[in-house]
Amino acid sequence: MSEHSDSDATRRDFLYIATGAAGAAAVGGIVWPLVSQMGPNAQEIAAGVPIEVNIGDIEEGRVITVTWRRKKYFIRHLTAAEVDAAKTKEQGDFRDFVTAADRITGPEGGEAVWSVYGANCTHLGCIPTEVKENGDTWRCACHGSRFDVIGRVTKGPAPVNLPQPPMVFASEDTLIIGTDKVGA
Ligand code: FES
């Protein structure tokens, strides 16, 4: 299991479920999840309480968008080909290089086929759209930055990769964003 830390997000007052792909409207391959009516109040959301996401219905090659701390994040279920492509890229392909292993994760004992990262371009915050061309997966229409399938910037002016939130898998089908500890 891969875990990611963020000292700002250790408090977990309440969880709410962002149900995944099922029944949600798809826009350009992006599925916007429904948020449970049992969710936290505005104060709790502003405090950045973790969100629990059902990823069991997200098919390979699909991405959903969830909101945590009032920012959107992409949760991408990678295909085997996408994992391979991400792993074969070289340092020279990127301006903020990290290995694919740093950005591909999965549940303990399960497949590492998930990549989760911020949906706001690291230049001025626009939301990139999916393009899948020339080895890139995301293009920011505002000033032309490009990102690969796991959110690494390939062309500027975005200075750094799309940021990964703290997260942990509670089970094969459940991803918690906002903490790196189950039950925290
Ligand atoms: S906001 Fe994305 S490139 Fe400027």
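Peer 1: Just give me the short version of the overall build of the protein, but keep the residues and values in it.
Peer 2: A tally of regular secondary structure across the protein gives two helices and 14 strands. Counting across all 184 residues of the protein, residues that qualify as buried make up 43%. Partitioning the intrachain contacts of the protein with sequence separation of at least 6 by distance along the chain shows that 59% fall at a separation of at least 24. Carbon and sulfur atoms form 49% of the exposed surface of the protein, whose accessible area is close to 8800 Å².

Peer 1: Got a sec to walk through the state of the cysteines? Specific residues and values, please.
Peer 2: By the definition in use, this model includes one disulfide. A sulfur-sulfur separation of 1.9 Å characterises the disulfide bridge that pairs C126 with C142. A torsion of -95 degrees about the S-S bond marks the disulfide between C126 and C142 as left-handed. Of this pair, C126 sits in the loop between β8 (114-118) and β9 (129-133) while C142 sits in the loop between β10 (136-139) and β11 (146-147), placing them 16 residues apart in sequence.

Peer 1: Account for the pattern of salt bridges, with residues named and values stated.
Peer 2: Per the stated rule, a full pass over the model turns up eight salt bridges. As a salt-bridge pair, E130 and R76 come within 2.6 Å of each other at their nearest N and O atoms. Here the residue E130 occupies a position in strand β9, and R76 occupies one in strand β7 (residues 71-77), the gap between them amounting to 54 residues. We classify E130 as partly exposed; its relative accessible area is 23%. Taking relative accessible area as the criterion, R76 reaches 0% and is therefore assigned buried. One salt bridge connects K132 with E130, and the closest N-O pair in it is separated by 3.8 Å. Via salt bridges that share partners, R76, E82, E130 and K132 belong to a single interconnected network.

Peer 1: Mind laying out the nonpolar core, listing which residues take part and the relevant values?
Peer 2: Counting 23 residues, the largest nonpolar core has V53, I55, V66, I75, L175 and I177 as the members making the most contacts within it. Where this core is concerned, the elements lending two or more residues are β5 (51-54), β6 (63-68), β7, α2 (80-88), β8, β13 (167-171) and β14 (174-177). The element contributing the most residues to this core is β6, with three residues. Once you skip the residues sitting within four places of it in the chain, I75 turns out to touch V53, I55, I58, R62, V63, I64, V66, W114, S115, V116, L175 and I177. In terms of nonpolar packing, the next biggest core, distinct from the first, is built from 11 residues, V63, Y117, C121 and L162 among them.

Peer 1: Report on unusual backbone geometry, specifying residues and quantitative values.
Peer 2: Trans peptide bonds make up the majority, and among non-glycine residues the majority have a negative phi. Along the chain, G156 connects to P157 via a cis peptide bond; the corresponding omega equals 15 degrees. Topologically, P157 is positioned in the loop between β12 (153-155) and β13. Residue R69 is not a glycine yet carries a positive backbone phi of 50 degrees. Here R69 shows up in the loop between β6 and β7.

Peer 1: Mind laying out the packing of aromatic side chains, listing which residues take part and the relevant values?
Peer 2: Enumeration over the complete set of coordinates arrives at four aromatic pairs. Between W68 and Y73, the aromatic rings sit 6.0 Å apart at their centres with planes inclined by 50 degrees, giving tilted as the arrangement. For W68, a relative accessible area of 3% gives the class buried. A ring pair is formed by F94 and F97, whose centres lie 5.9 Å apart and whose planes are at 35 degrees; its orientation type is tilted.

The rules behind the values
- Residues numbered from 1 in each chain as written.
- Predicted model: local features only at pLDDT ≥ 70, side-chain atom pairs only at ≥ 80, totals over all residues.
- Heavy atoms only, no water.
- Helix = DSSP H or I, 4+ residues; strand = E, 2+ residues; numbered from the N terminus.
- Buried < 20%, exposed > 50% of the residue type's maximum accessible area, 1.4 Å probe, protein only.
- Contact = heavy atoms within 4.5 Å.
- Areas by Shrake-Rupley, 256 points an atom, 1.4 Å probe, with all protein chains shown as cover.
- Disulfide = S-S within 2.5 Å.
- Salt bridge = Lys/Arg side-chain N within 4 Å of Asp/Glu carboxyl O.
- Core = buried A, V, L, I, M, F, W, Y, C linked by side-chain atoms within 4.5 Å.
- Phe/Tyr/Trp six-rings, centres within 6.5 Å; stacked < 30°, edge-to-face > 60°.

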